[in-house]
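# Structural characterization, general
As a plain string of letters, each chain reads:
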Amino acid sequence: MRQIAFGRPYIKRAEKVAVMKALGNEMLVHGPLSKQFELDFANFTQAPHAVSVSSCTAALHLSYFCLGIGPGDEVLVPAQTHVATVHAVEFCGARPIFMDAEIHTGNIDLDQVEDQITSRTKAISIVHFLGMPVNMKKLMQLARKYHLTVVEDCALAIGTYFDEVHAGLHGDVGCFSFYPVKHFTTAEGGMVITKHPWLAEKIKRAKAFGLDRQVGERKVAGMYDVKSLGYNYRLNELQSALGIAQLKRVPHFLKKRKQNYEILDGKLNLDEIEKFCSTEPPYQSSYYCFSVLLKKKWIPKRFAILEYLKEKGIGTSVYYPKPVPLMSYYKKKYEGRAKDFPVATRISESSISFPVGPHLNSKDMNTIARVFKESFTKV
Ligand SMILES: *Cc1c(COP(=O)(O)O)cnc(C)c1O
């Protein structure tokens, strides 16, 4: 039986050759490959500045840190996201203020933003849920009105555009992930993009201990000063070599994802489910996966359906298992209640996500649609 994996890294000969070659180089960290990867990524997204980092979590942490967000500050965050979006706020000692989602996209409900703003609100963080862009026009109007810094979690948003501008470039900073099941991989890795030169410069220092001179910038080897605090959040040369080779494939990856997504979208018009809205200009999704919500009466059967799909060799996922404020750590700390996040809760308890990645073809999509339909008669 063919296994339809939810995510699988797409690593071919070009990647292997590039990594082996990098292994023979003199520099394994802060060498020319990480610079090249940054240039290529900036070129792909049309970002004025791109800084490579060790993960998207590191990218988010560095962003809040370098934007000066800390104790006493509040950051508006989506309830329906990966915990990393919120953890990074916690790392800085600021307080996350959770916002519910909108049902049509899973994105943060911008209509509720104004109710949550206080004199302590410094920033708003958003995630482009499963690659579907947030309405950045509306968000930036709010941000300007209330002087909020905007951090975009773009972990699933390579190839996401709003108004033909790539995700991460509407706000002050955009953070990307190259974890294996994302759009492309460096094993672990991430990137920050920004239009602010001062912020790019600050993040460059902060990702390498806060040293004032990086290797290659020093007149005398080993001599540097430390003018600010910093971490060790660099991307190494092997990861960068892999990233350069992978990024070349991204246009093809995005095309395959869209094709696969559209097949499922066309075939899955079932009474048992609700779909998220499809993308139309100015929204352009990166098509991370095809996610559906079970109608109320089928929610108790979700695990049986997932089990049936698994038995038939179909990999699925759930985005996300709980709204972040209801995860034990946050629930305990901030006393999160499901009734405050009805939409995020509805999405968490009823969603099923199917793969559309470039490792899969149209036949796989037909299989997913057929087996998923069949599952409602078997559970
Ligand atoms: C995967 C993911 C992250 C974390 O990315 P890492 O590179 O693993 O740190 C953050 N936010 C979202 C939305 C993600 O999907």
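Summarising burial for strand β5 (residues 149-153): 5 of the 5 residues are buried, a large majority. Here β5 shows a buried face lined by Thr149, Val151 and Asp153 and a second buried face lined by Val150 and Glu152. The sheet contact formed by strand β4 (residues 121-127) and β5 spans 5 bridges and is parallel. Paired with Ile124 across the bridge in β5 is Val150. For the handedness criterion, the β-α-β arrangement of β4, helix α6 (residues 136-146) and β5 is classed as right-handed.

A word on the packing of helix α3 (residues 56-66) against helix α7 (residues 197-206). Any two packed helices are characterised by the angle at which their axes cross and by the distance between the axes. Between α3 and α7, the shortest axis-to-axis distance is 10 Å and the interhelical angle comes to 115 degrees. Two packed elements cross with a definite hand, and for α3 against α7 that hand is right-handed. Residues Leu62, Ser63, Phe65 and Cys66 of α3 form the contact with α7, whose participating residues are Trp198, Leu199, Lys202, Ile203 and Ala206. Residues that form the contact of α3 with α7 fall into these classes: 7 nonpolar, 1 polar and 1 charged.

What follows deals with the packing of helix α9 (residues 250-267) against helix α13 (residues 362-378). Packing of α9 against α13 leaves a shortest axis separation of 9 Å and a crossing angle of 30 degrees. Relative to α13, the element α9 lies roughly parallel. In this structure, α9 crosses over α13, and the sense of that crossing is right-handed. Touching Asn260, Ile263, Leu264 and Lys267 of α9 are Ser362, Met365, Asn366, Ile368, Ala369 and Lys373, all from α13.

Another aspect to go through is the site of the ligand. Taken together, 14 residues are adjacent to the ligand, and Cys56, Thr57, Asp153, Ser177 and Lys182 come closest. Cys56 places a polar main-chain atom, nitrogen or oxygen, 2.9 Å from an oxygen atom of the ligand. Taken by itself the ligand offers 380 Å² of open surface, and the protein chains cover 93% of this. Counted by class, the shell around the ligand contains 7 nonpolar, 5 polar and 2 charged residues.

A few words on the sheet that holds strand β6 (residues 161-162). Adjacent strands of a sheet form backbone hydrogen bonds with each other and so pair up, either parallel or antiparallel. Strand order in the open sheet formed by 3 strands is β7-β6-β11, and the pairing between neighbours is antiparallel. A strand with exactly one partner marks an edge of an open sheet, and here the two such strands are β7 (165-166) and β11 (283-284). By the bridge criterion, 2 bridges tie β6 to β11 in an arrangement that is antiparallel. In the strand pairing of β11, Phe162 is matched with Tyr283.

Rules used in this analysis
Residues numbered from 1 in each chain as written. Predicted model: local features only at pLDDT ≥ 70, side-chain atom pairs only at ≥ 80, totals over all residues. Heavy atoms only, no water. Buried < 20%, exposed > 50% of the residue type's maximum accessible area, 1.4 Å probe, protein only. Helix = DSSP H or I, 4+ residues; strand = E, 2+ residues; numbered from the N terminus. Pairing = 2+ DSSP bridges. Right-handed = clockwise from strand over helix to strand, strands pointing away. Axes fitted to C-alpha atoms, helices over the stretch in contact; angles between N-to-C directions. Left-handed = near helix turned anticlockwise from the far one by under 90°. Contact = heavy atoms within 4.5 Å. Nonpolar A, V, L, I, M, F, W, Y, C, P; charged D, E, K, R; others polar. Parallel < 35°, antiparallel > 145°, perpendicular 65-115°, else oblique. Near = heavy atom within 4 Å. Polar contact = N/O pair within 3.5 Å; in protein donor to acceptor, adjacent residues only side chain to side chain. Areas by Shrake-Rupley, 256 points an atom, 1.4 Å probe, with all protein chains shown as cover.

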